[in-house]
Amino acid sequence: QVQLVESGGGLVQAGGSLRLSCAASGRTFSSYGMAWFRQAPGKERESVAAINWSGGSTYYADSVKGRFTISRDNAKNTVYLQMNTLKPEDTAVYYCAAATIFYNIWSTSTYNYWGQGTQVTVSS
């Protein structure tokens, strides 16, 4: 069992930056593939970025490529999402997710555990 707790959301002006953190409980964090998803009002949850167990492989949605960076610190059981050059369309609730089997990484069904989400609001 893994519990995930996100933090770092908030209100920021367009062009600004935020860093989200996701702290995980449990001793097997380093074995999980991790991802960040987001969900805007009235829209489906969409994948933003993913990272494999070691951090050696990272993946990004086209909409955030070049602006967002996903990373992890297995010693701290934490995964991060550095978000730069934020746009109003990045406004959403951001969720951290963990997968025991890291395949089809863009699908929500791949992920076994989810955090409660943190709100990110980008004003224009």
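Per chain, residue numbering runs from 1 following the sequence as it is written. Selection of residues for local features in this predicted model requires a pLDDT of at least 70, selection of side-chain atom pairs for listing and counting requires 80 or more, and totals for whole chains, interfaces and linings are taken over all residues. Each side-chain value is worked out from all heavy atoms of the structure, with water and hydrogens disregarded.

A. Structural context of the side chain of Asn77. Considering the arrangement of structural elements, one finds Asn77 in the loop between strand S7 (68-73) and strand S8 (78-83). Only protein chains enter the accessibility calculation, which uses a 1.4 Å probe. A residue is then buried if its area is under 20% of the maximum for its type, exposed if over 50%, and partly exposed in between. On the basis of relative accessibility, which here comes to 19%, the residue Asn77 falls in the buried class. Numbering goes from the N terminus for both helices and strands, where a helix is a DSSP run of H or I of at least four residues and a strand is a run of E of at least two.

B. Representation of the pattern of salt bridges within the structure. Every case where a carboxyl oxygen of Asp or Glu lies within 4 Å of a side-chain nitrogen of Lys or Arg is listed as a salt bridge. A complete count under the given rule lists four salt bridges for this structure. Two residues, Arg67 and Asp90, come together in a salt bridge whose shortest N-O distance is 2.8 Å. Residue Arg67 is found in the loop between strand S6 (58-60) and S7, and its partner Asp90 is found in the loop between S8 and strand S9 (92-99); the two are separated by 23 residues along the sequence. Of the two residues, Arg67 and Asp90, neither departs from the other in class, the shared state being buried. One salt-bridge network, held together by shared partners, links Arg38, Glu46, Arg67 and Asp90.

C. The state of the cysteines, seen in detail. Disulfides are defined as cysteine sulfur pairs within 2.5 Å. Across all of its chains, the model carries one disulfide by this definition. Between Cys22 and Cys96 runs a disulfide, and the two sulfur atoms are separated by 2.1 Å. Judged by the torsion about the S-S bond (-75°), the Cys22/Cys96 disulfide is left-handed. Of this pair, Cys22 sits in strand S3 (residues 18-24) while Cys96 sits in strand S9, and the two are 74 residues apart along the sequence. A single burial state applies to Cys22 and to Cys96, both of which are buried.

D. Quick peek at the environment of Lys76. Here Lys76 shows up in the loop between S7 and S8. For Lys76, a relative accessible area of 55% corresponds to the exposed category. Sequence-wise, Lys76 and Ala24 are 52 residues apart; in three dimensions their C-alpha atoms are separated by 8.6 Å.

E. Local environment of the sheet that holds S3. Ordered in space as S1-S3-S8-S7, the four strands form an open sheet in which the pairing is antiparallel. The open sheet terminates on both sides in strands that have one partner only, identified here as strand S1 (4-7) and S7. Taken over all neighbouring pairs, the strand axes of this sheet differ in orientation by 15° on average, direction set aside. Here S7 runs beside S8; their pairing, made up of six bridges, is antiparallel. In the sheet register, Ile70 faces S8, and the bridge partner there is Leu81. For two strands to be treated as a pair, DSSP must find no fewer than two bridges joining them. In this analysis, axes come from line fits to C-alpha atoms, helices being fitted only over the stretch in contact, and the angle between any two N-to-C directions falls in the range 0 to 180 degrees.

So yeah, pure geometry; function would need other evidence.
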